[in-house]
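# What the coordinates show
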Amino acid sequence: MAKLILSMDNLVLKEIPLNKERTTLGRKAHNDIQIDNLAVSGEHAVIVSILNDSFLEDLNSTNGTFVNGQQIKKHFLQNNDVIELGKYRLKYINEAAQSATQADFEKTMVLRPDMLRKANEPAAAKPAGGAVPAVMAPPIQTAPAAVPAAPALPFGAIQILTGSNIGRRLELTKSLTTLGKPGVQVAVIARRPIGYFLTHVEGARYPLVNGMAIHTQAHELKDHDVLELAGVKMEFSLKA
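Procedures and definitions
Residues numbered from 1 in each chain as written. Predicted model: local features only at pLDDT ≥ 70, side-chain atom pairs only at ≥ 80, totals over all residues. Heavy atoms only, no water. Core = buried A, V, L, I, M, F, W, Y, C linked by side-chain atoms within 4.5 Å. Buried < 20%, exposed > 50% of the residue type's maximum accessible area, 1.4 Å probe, protein only. Helix = DSSP H or I, 4+ residues; strand = E, 2+ residues; numbered from the N terminus. Polar contact = N/O pair within 3.5 Å; in protein donor to acceptor, adjacent residues only side chain to side chain. Salt bridge = Lys/Arg side-chain N within 4 Å of Asp/Glu carboxyl O. Pairing = 2+ DSSP bridges. Axes fitted to C-alpha atoms, helices over the stretch in contact; angles between N-to-C directions. pLDDT = per-residue confidence, 0-100. Contact = heavy atoms within 4.5 Å. 1 Å grid on protein atoms, 1.4 Å probe; cavity = no way out; pocket = protein on both sides within 12 Å on 5 of 7 lines; lining within 4 Å. Points joined across faces, edges and corners; volume = space filled by probe spheres on them. Nonpolar A, V, L, I, M, F, W, Y, C, P; charged D, E, K, R; others polar. Phe/Tyr/Trp six-rings, centres within 6.5 Å; stacked < 30°, edge-to-face > 60°. Lys NZ or Arg CZ within 6 Å of the ring centre and 35° of its normal.

### Let's talk about the nonpolar core
Grouped together as the largest cluster of nonpolar side chains are 20 residues, with contacts concentrated most on Leu-4, Ile-35, Ile-47, Leu-56, Ile-83 and Leu-90. Sorting the residues of this core by element identifies strand S1 (3-8), strand S5 (45-50), strand S10 (82-85) and strand S11 (88-93) as the ones contributing at least two each. Sorting elements by how many residues they give to this core places S11 first, with three residues. Counting 18 residues, the second largest nonpolar core, distinct from the first, contains Leu-153, Val-209, Leu-221 and Phe-236.

### A closer look at the side chain of Arg-169
Looking at where Arg-169 falls in the secondary structure, it is placed in strand S14 (residues 168-172). Among the polar contacts listed, one links the side chain of Arg-169 to the side chain of Glu-171, at a separation of 3.2 Å.

### What to know about unusual backbone geometry
Residues other than glycine seldom take positive phi values, yet Asn-80 does so here, at roughly 80°. Summarising the element assignment, Asn-80 is placed in the loop between strand S9 (74-76) and S10. Positive phi is not limited to glycine here, since Ala-230 has a value of about 55°. On the basis of relative accessible area, Ala-230 is assigned to the buried category, the value being 11%.

### Some words on the pattern of salt bridges
Considering all chains together, one arrives at five salt bridges under this definition. Where Glu-15 meets Lys-3, a salt bridge forms, and the shortest distance between an N and an O atom there is 3.2 Å. In this pair, Glu-15 is assigned in strand S2 (residues 11-17) and Lys-3 in strand S1, connecting sequence segments 12 residues apart. We classify Glu-15 as partly exposed; its relative accessible area is 49%. In this structure, Lys-222 and Glu-220 form a salt bridge, with 3.6 Å as the shortest nitrogen-oxygen distance. Look at Lys-222 and you get partly exposed, because its relative accessible area is 46%. Here the residues in one salt-bridge network are Arg-169, Glu-171 and Lys-239, joined through shared partners.

### Observations regarding the sheet that holds strand S8 (residues 70-72)
Pairing in this open sheet of six strands is antiparallel, and the strands run S2-S1-S11-S10-S7-S8 from one edge to the other. Across the chains shown, the open sheet's two edge strands, defined by having one partner strand only, are S2 and S8. Direction aside, neighbouring strands of the sheet carry axes that sit 30° apart on average. Both S10 and S11 contribute to a ladder of four bridges, which runs antiparallel. In the sheet register, Leu-85 faces S11, and the bridge partner there is Tyr-88.

### What to know about the confidence of the model for the chain
Per-residue confidence for the chain averages 80 on the pLDDT scale, and 77% of its residues sit at or above 70. A low-confidence stretch, residues 99-110 stays under pLDDT 50, and its non-local contacts, those more than four residues away or across chains, total 21 contacts. The low-confidence segment residues 131-135 (pLDDT under 50) makes one contact with residues lying over four places distant or belonging to another chain.

### Some points on the layout of surface pockets
If you add up the space inside the second largest pocket, you get close to 380 Å³. Lining the second largest pocket are 15 residues, with Val-48, Phe-55, Glu-57, Val-188 and Thr-199 positioned closest to its centre. Looking at the lining of the second largest pocket, the elements with two or more residues in it are S5, strand S6 (53-58), strand S16 (185-192) and strand S17 (195-202). For the lining of the second largest pocket, the class distribution of residues is eight nonpolar, two polar and five charged.

### Section: the packing of aromatic side chains
Following the criterion strictly, the structure yields two aromatic pairs and no others. Where Phe-55 meets Phe-76, the ring centres are 5.4 Å apart and the plane angle is 45°; that geometry is what we call tilted. With Phe-55 in strand S6 and Phe-76 in strand S9, this pair connects stretches of sequence that are 21 residues apart. For the residue pair Phe-55 and Phe-76, the accessibility class agrees, reading buried in each case. Its end group placed over the ring of Phe-197, Arg-192 keeps NZ or CZ at 4.3 Å from the ring centre.

In structure tokens form, the structure reads like this:
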């Protein structure tokens, strides 16, 4: 589990585990991490943690949020990053994520290599006892009739179109998939009940979808949209 080490003037004050999806930082008492200092805004920043990934976002604070000396709006946190709030320092520790990024492919793209395969390779058969595909269970005869559920969202995938990993394919089965180059350009694809959405996380330039920048709002992806992120083009598709 990732954690933060809070310090001031090189004196460690406490360690804070990031065991929630949203961890808020600020001067007001309702924050998960309260820093009672006038240089810190009442609601200064938030850290969103999904699986092994954490994202820091400044909440329009008065004095700004800095990571490793650079002011950020949104930032994909990496092991040993130092968040600066006034005189306070929060060191981000996530050794599990660091060990998971040693593969060559992940040095350029935040994608798990074991989830990638050639586009023309058949998917490996699931072992006995593996995950069961999502299907509608038959109604229990003794239960009251239920309103029919909406059709399940088909799973999406990303196929790499350019670069050293051309032809590789990533199945978008997780609720959140991180793409890009940390420190250059990072975005996430979220799988929601109503569709897949691309959101900019880090970098001065926004990702492109079909040649157009998506800006700050989450952008809903359509079948066969072409994404461009950190200099790599990829195609999004939905399984039939």
